[in-house]
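Below are the chains, spelled out letter by letter.
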Amino acid sequence: KNAKSEIVLNLAESKLLDISQSFLSESETINDTIKGLDKTITKLEDVLVRGDDITGLSTGFPSLDKQTLGLQPGEFTIIAARPSMGKTCLSLNICNHILGNVEKPILYMSIEMPETQLYQRIMAADGKVPFSNIRTANLDDMQWAKLSNTLKRLKDTNLLYVDESNPLTPMQ
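Counting restarts for each chain: residues are numbered from 1 in the order of the written sequence. Per-residue local features are limited, in this predicted model, to residues with pLDDT of at least 70; the limit for side-chain atom pairs, both in listing and counting, is 80 or more; totals at the level of whole chains, interfaces and linings are taken over all residues. Water and hydrogen atoms play no part in the side-chain values, which are based on all heavy atoms of the structure.

Student: Looking at this structure, how should I read the overall build of the protein?
Tutor: Runs of H or I in DSSP of at least four residues are treated as helices and runs of E of at least two as strands, each being numbered from the N terminus. Helix and strand content of the protein: seven helices and two strands. Of the regular secondary structure in the protein, the N- to C-terminal order runs α-α-α-α-β-α-α-α-β. The classification of residues rests on relative accessible area computed with a 1.4 Å probe and restricted to protein chains. Under 20% of the type maximum is buried, over 50% is exposed, and intermediate values are partly exposed. Within the protein, buried positions represent 21% of all 172 residues. Any pair of residues with heavy atoms lying within 4.5 Å of one another is described as a contacting pair. Counted over contacts in the protein with a minimum sequence separation of 6, partners at least 24 positions apart contribute 52%. With the model as given, the accessible surface of the protein reaches about 13,300 Å², and the carbon-plus-sulfur share is 58%. Surface accessibility in these figures is a Shrake-Rupley result with a 1.4 Å probe; residues are shielded only by whichever protein chains are displayed.

Laid out in structure tokens, this is it:
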């Protein structure tokens with residue numbers, strides 16, 4: 001069994017290395033100090049010209065933007081907290097803000113909620129319709145109209161990608 005496990009691990013490691021190397025391009029090489037400093041100075045000059053304290057994408061939450069200076073390019077942002085503290089609500093509101101104001105593509109990954117429930121939550125927040133009404137489809141004409149507008153906007157922008165490839169099971 002150990003020999004088989006070793007072969008499988010080596011094969012997996014080899015495949016991961018192949019994948020990671022396929023993403024590298026000539027432009028993603030190691031820079032010397034001068035190139036790194038030039039990039040840094042250029043970024044500082046851009047911030048000065050713009051005159052804004054937020055150097056990344058605004059989250060739509062001024063107090064959060066003040067702490068983080070916005071969502072920064074190249075950074076992987078994780079929102080963590082205890083259960084039922086509003087992580088999903090916060091993150092989906094940030095997504096909604098970016099989709100509505102900046103029109104940048106978003107990859108939303110969730111390991112604890114299926115795609116349909118995430119979209120229901122987005123529809124509830126954006127349409128200002130109670131989540132429970134959406135889940136039960138107990139909607140009046142005004143609420144259906146609001147959801148229709150939200151659906152049209154999401155479909156027209158087509159910038160939200162949801163990855164639910166690893167949902168947790170009850171045993172996890």
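Past the structure itself, the notes keep going.
Student: Would you explain a nonpolar patch on the surface in this entry?
Tutor: For patches, a residue must show more than 30% relative accessible area and have no salt bridge; joins then use 9 Å for like charges and 5 Å for nonpolar side chains, namely Val, Leu, Ile, Met, Phe, Trp and Tyr. Counted as salt bridges are all cases of a side-chain nitrogen of Lys or Arg within 4 Å of a carboxyl oxygen of Asp or Glu. Side chains of Phe76, Ile78, Leu107, Met109 and Tyr161 sit close together on the surface and give an oily, nonpolar patch of about 620 Å² of accessible area. Topologically, Phe76 is positioned in the loop between helix H3 (62–68) and helix H4 (87–101).

Student: Where do I start with the layout of surface pockets in this structure?
Tutor: Rolled over the atoms, a probe as big as a water molecule pinpoints where empty space is left. A cavity here means a set of points on a 1 Å grid, drawn over the protein atoms and nothing else, where a 1.4 Å probe fits but cannot get out; a pocket is an open set with protein on both sides within 12 Å along at least five of seven lines, and a residue lines either one if it has an atom within 4 Å of a point. Grid points are joined across faces, edges and corners, and a volume is the space filled by probe spheres set on the points. There is about 1,200 Å³ of room inside the largest pocket. Every residue lining the largest pocket is counted, 33 residues in all, and those nearest its centre are Thr77, Ile78, Ile79, Leu107 and Tyr108. The set of elements that each furnish at least two residues to the lining of the largest pocket consists of H3, H4 and strand E1 (106–109). Counting residues per element, the lining of the largest pocket draws most heavily on H4, at seven residues. Classification convention: Asp, Glu, Lys, Arg as charged; Ala, Val, Leu, Ile, Met, Phe, Trp, Tyr, Cys, Pro as nonpolar; all other residues, Gly among them, as polar. In the lining of the largest pocket, the residues fall into 17 nonpolar, 11 polar and five charged. Put simply, the second largest pocket is a space of about 210 Å³. Ala81, Pro83, Ser84, Met85, Gly86, Lys87, Thr88, Cys89, Glu112, Met113 and Arg121 together form the lining of the second largest pocket. When residues of the lining of the second largest pocket are assigned to their parent elements, the largest contribution, three residues, is made by H4. Residues of the lining of the second largest pocket, tallied by class, amount to five nonpolar, three polar and three charged.

Student: Just to check I follow, could you spell out the nonpolar core for this structure?
Tutor: One recurring pattern in soluble globular proteins: nonpolar side chains tend to sit buried together. Ranked by size, the top nonpolar core spans 14 residues in total, and within it Leu99, Ile106, Tyr108, Leu118 and Leu160 carry the most contacts. Only H4, E1, helix H5 (115–127) and strand E2 (160–163) provide two or more residues apiece to this core. For this core, the element with the highest residue contribution is H4, accounting for five residues. Within the second largest apolar cluster, six residues are counted, among which are Met123, Ala124, Val129 and Leu139. In this description, a nonpolar core means a group of buried Ala, Val, Leu, Ile, Met, Phe, Trp, Tyr and Cys residues linked to one another through side-chain atoms lying within 4.5 Å.

Student: Please explain the environment of Ile79 as it appears in this structure.
Tutor: Of note, Ile79 is situated in the loop between H3 and H4. The spatial distance from the C-alpha of Ile79 to the C-alpha of Ser91 is 7.4 Å, given a sequence separation of 12 residues. Setting aside anything within four residues of it in sequence, one finds Ile79 in contact with Lys87, Leu90, Ser91 and Ile94.

Student: Would you mind showing me how to read the packing of H4 against H5 here?
Tutor: Between two packed helices, both the angle of their axes relative to each other and the distance between the axes serve to describe the pair. Each axis is a line fitted through C-alpha atoms, taken for helices only over the stretch in contact, and angles between the N-to-C directions span 0 to 180 degrees. Taken N-terminus to C-terminus, the directions of H4 and H5 make an angle of 65°; their axes are 10 Å apart at the nearest point. Compared by their axis directions, H4 and H5 come out roughly perpendicular. Every pair of crossing elements has a handedness; the one defined by H4 and H5 is right-handed. Between H4 and H5, the residues in contact are Thr88, Leu92, Asn93 and Asn96 and Leu118, Arg121, Ile122, Ala125 and Asp126, respectively. A per-class count over the contact of H4 with H5 returns four nonpolar, three polar and two charged. Angles below 35 degrees are treated as roughly parallel, those above 145 as roughly antiparallel, those between 65 and 115 as roughly perpendicular, and all remaining angles as oblique. Definitions for this section: a left-handed crossing has its near helix turned counterclockwise from the far helix by less than a right angle. A right-handed crossing has that turn clockwise.

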